[in-house]
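If you want the building blocks of each chain, they are given just below.
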Amino acid sequence: MRATTLTKLVGLSALLVISGFVTMGFSRLAIGYDLARTVAAPLFLSGFAIAVGLFAFGVLWKLGVVAIED
């Protein structure tokens, strides 16, 4: 995997988690807490899943199993 791809995935993960917070915050004003959690959950989960995948990739890179291309 290329280093630029990793950087883009880190940014995407952060953007998804932040947008989940923003979505939940603003939608609580209009639709209530329970439905706001339901609407924001996919954003949180996808951002968290990307972050976990990147962490696993980082561990594998540190162990020398995979390589990061420049």
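See the structure printed just above.
Owing to the predicted nature of the structure, the values given are computational and were not obtained by experimental measurement. (Residues numbered from 1 in each chain as written. Predicted model: local features only at pLDDT ≥ 70, side-chain atom pairs only at ≥ 80, totals over all residues. Heavy atoms only, no water.)

Attention now moves to the overall build of the protein. When its secondary structure is counted, the protein shows two helices and zero strands. Over its C-alpha trace the protein gives a radius of gyration of 16 Å, far above what one expects of a compact globule, namely 11 Å for 70 residues. In terms of principal-axis extent, the alpha carbons of the protein reach across some 50 × 20 × 10 Å. Burial status across the protein gives 16% buried among its 70 residues. Long-range pairs, those at least 24 residues apart, make up 58% of the contacts in the protein with a sequence separation of at least 6. Taken as a whole, the protein presents about 5,100 Å² of accessible surface, with 74% of it coming from carbon and sulfur. (Helix = DSSP H or I, 4+ residues; strand = E, 2+ residues; numbered from the N terminus. Rg over C-alpha atoms; globule rule 2.2 N^0.38 Å. Buried < 20%, exposed > 50% of the residue type's maximum accessible area, 1.4 Å probe, protein only. Contact = heavy atoms within 4.5 Å. Areas by Shrake-Rupley, 256 points an atom, 1.4 Å probe, with all protein chains shown as cover.)

Here helix H1 (residues 3–31) spans 41 Å end to end across 29 residues, near enough to the 42 Å set by a 1.5 Å rise per residue. All of the buried residues along H1 are Leu6, Ser13, Leu16, Gly20, Met24 and Ser27. Next to the buried residues of H1 lie helix H2 (33–63). (Expected span 1.5 Å × (residues − 1).)

For the rest of this paragraph, the subject is H2. With 31 residues, H2 should cover 45 Å at 1.5 Å per step; its first-to-last C-alpha distance of 43 Å lies within 8% of that length. Along H2, the helix axis deviates most sharply at Ala40, where the bend reaches about 40°; the proline Pro42 sits within four residues downstream. Among the residues of H2, those classed as buried are Ala36, Ala40, Gly47, Leu54 and Phe57. On the buried face of H2, the contacting elements are H1. (Bend = angle between axes of the 7 residues up to and from the residue.)

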